[in-house]
Structures are given as structure tokens and as C-alpha cells.
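# Reading the structure
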Amino acid sequence: MLETWEELEKSIVDCNKCKLCKTRRNIVFGTGNKNAKIMFIGEGPGADEDMQGIPFVGRAGKLMNMAFGIVGIKREDVYIANIVKCRPPANRNPEEDEANACLDYLRNQVTLVKPEIIVLLGSVALKNILGKEYGITASRGKWFEKMQIKYMPTWHPAALLRDETKKVDFIKDLKLVVEELNK
Ligand code: URA
């Protein structure tokens, strides 16, 4: 476990721990407030993120920003990262070896941010963080606690683009997060 952001950021610069390094344009490390109370974990960079090196800047990210506005979350107050830091080709799900190779970076980010709450965006984040036995449909909107961090699984914002009805759930879940923080 590296103790500073500087060391951690330096350690990832030339990462070749998995095959995604061969096709990436940029490593998408993470962004936001390094002392955030809320952290968001997505799946992996898409095309826009790969181009810009910043998570959730594409269509799904814009939708997430809109939802943040509705519930009163400021993007600059939270920390946002992904299970894998490099884009899986054609936006396929990250494979198990890729996620496993990358997870130490994320664990180190969580240790440095020390969030009270982690929002797990979609099934890939849920399964890699809480366990393969969890399913997003049954778990979303419910609180889980592990090692003194509260977890709120919810839909991945890209799922809202495919199914409008999930937007209501997503807003509801984010409201639970804001309420919990303001307790
Ligand atoms: N989808 C993700 O899971 N992460 C991003 O950064 C962008 C889209």
C-alpha cells in the first residue's frame, strides 16, 4: 500500500499488469476530491474517457452529472474511479484477470480517500467490491457495510441510457446517500 497520492500516481504511469495496456490511449486513474466523503466506483473507461484520461466524461457521465445536480451532489466534492483504469476494447466488461490486476490501485485509492460512503455503479463494481454472489437488481438501493465503509449499489449510469425507468431508481438511491451523509 503506497502512502501518498504522488507515489500511487507514479506507480501506475507505465502500468502493464494486464492486456488492456496494449489498446489504451490513456490511463483513467480517477478524479475529484481526495478527501471526499463519497466515492463513486464505475466499471471502466469508455471511448471518451480513454481519450481524455478522466472518468465519466461521456454520455453516461453527463447523465450522472445531471443526477448529481438533482440530488445536490457536487462533482468536485466526490471522488470518482473505476474497477479497471484502462478501456476494455469495444467497451466489453473487464475480464477477471484484468479486474484482479487493477484492483490494488483502487484499494489504495480507497485507503487514501477514506470515504464514509462508496456508491457502486453497476454489476461489475458490485461484484468486484462486495462479492460475486451479489446481483445488482436485488442489491441496488440497499446499504451494505464492510470495514467501516457504507456501500450503496445502484444502476450503472449507462443502464439509464438504455432504460429510462431506471432513472427514478438512480435518483432515489443517490438521495439515500445524501440523506445518510447529512444524518
Ligand atoms: N463507464 C464507466 O464505468 N466508467 C467510466 O469512467 C465511463 C463510463
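Structural data are supplied above this passage.
Residues numbered from 1 in each chain as written. Predicted model: local features only at pLDDT ≥ 70, side-chain atom pairs only at ≥ 80, totals over all residues. Heavy atoms only, no water.

Time to look at the packing of aromatic side chains. Evaluation of the coordinates by the stated rule reveals four aromatic pairs. Judged by centre distance (6.2 Å) and plane angle (85°), the ring pair of tryptophan 5 and phenylalanine 29 falls under edge-to-face. Here tryptophan 5 is found in helix α1 (residues 5–12), whereas its partner phenylalanine 29 is found in the loop between α1 and β1 (31–32), with 24 residues between them in sequence. Here phenylalanine 29 falls in the buried class, since its relative accessible area comes to 10%. Chaining the aromatic ring pairs together yields one cluster made of Trp5, Phe29 and Tyr79. Across from the ring centre of tyrosine 105, 4.2 Å away, lies the NZ or CZ of lysine 17, which sits over that ring. Geometry around tryptophan 155 places lysine 166 over its ring, the cationic atom sitting 4.6 Å from the centre. (Phe/Tyr/Trp six-rings, centres within 6.5 Å; stacked < 30°, edge-to-face > 60°. Helix = DSSP H or I, 4+ residues; strand = E, 2+ residues; numbered from the N terminus. Buried < 20%, exposed > 50% of the residue type's maximum accessible area, 1.4 Å probe, protein only. Lys NZ or Arg CZ within 6 Å of the ring centre and 35° of its normal.)

This next bit is on the site of the ligand. Taken together, Gly42, Glu43, Gly44, Glu49, Pro55, Phe56, Asn82 and His156 form the complete shell of residues around the ligand. Between an oxygen atom of the ligand and a main-chain N or O atom of glutamate 43, the distance comes to 2.7 Å. Asparagine 82 is positioned with one of its side-chain polar atoms (N or O) 2.8 Å from a nitrogen atom of the ligand. Calculation on the ligand without its partners gives an accessible area of 240 Å², and the protein chains cover 92% of this total. The residue inventory of the shell around the ligand, partitioned by class, reads two nonpolar, four polar and two charged. (Near = heavy atom within 4 Å. Polar contact = N/O pair within 3.5 Å; in protein donor to acceptor, adjacent residues only side chain to side chain. Areas by Shrake-Rupley, 256 points an atom, 1.4 Å probe, with all protein chains shown as cover. Nonpolar A, V, L, I, M, F, W, Y, C, P; charged D, E, K, R; others polar.)

Taken as a whole, the largest pocket spans an internal volume of roughly 510 Å³. The wall of the largest pocket is formed by 25 residues, among which Glu43, Gly44, Ala60, His156 and Ala158 lie closest to the centre. Taken together, the elements giving at least two residues each to the lining of the largest pocket come down to α2 (47–52), α3 (59–71), α5 (123–129) and α7 (157–162). Here the residues of the lining of the largest pocket are counted per class, giving 10 nonpolar, nine polar and six charged. The space that makes up the second largest pocket amounts to roughly 350 Å³. If you trace the second largest pocket, you find 14 residues lining it, with Arg107, Val110, Met147, Ile149 and Tyr151 closest to the centre. Taken together, the elements giving at least two residues each to the lining of the second largest pocket come down to α4 (96–113), α5 and β6 (149–154). (1 Å grid on protein atoms, 1.4 Å probe; cavity = no way out; pocket = protein on both sides within 12 Å on 5 of 7 lines; lining within 4 Å. Points joined across faces, edges and corners; volume = space filled by probe spheres on them.)

Time to look at empty space enclosed by the protein. Throughout the structure, instances matching the rule amount to one cavity of 30 Å³ or more. The calculated volume of the largest cavity comes to roughly 110 Å³. Around the largest cavity sit 15 residues that line it, and Cys15, Cys18, Lys85, Cys86 and Cys102 are the ones nearest its centre. Here the residues of the lining of the largest cavity sort into 11 nonpolar, no polar and four charged.

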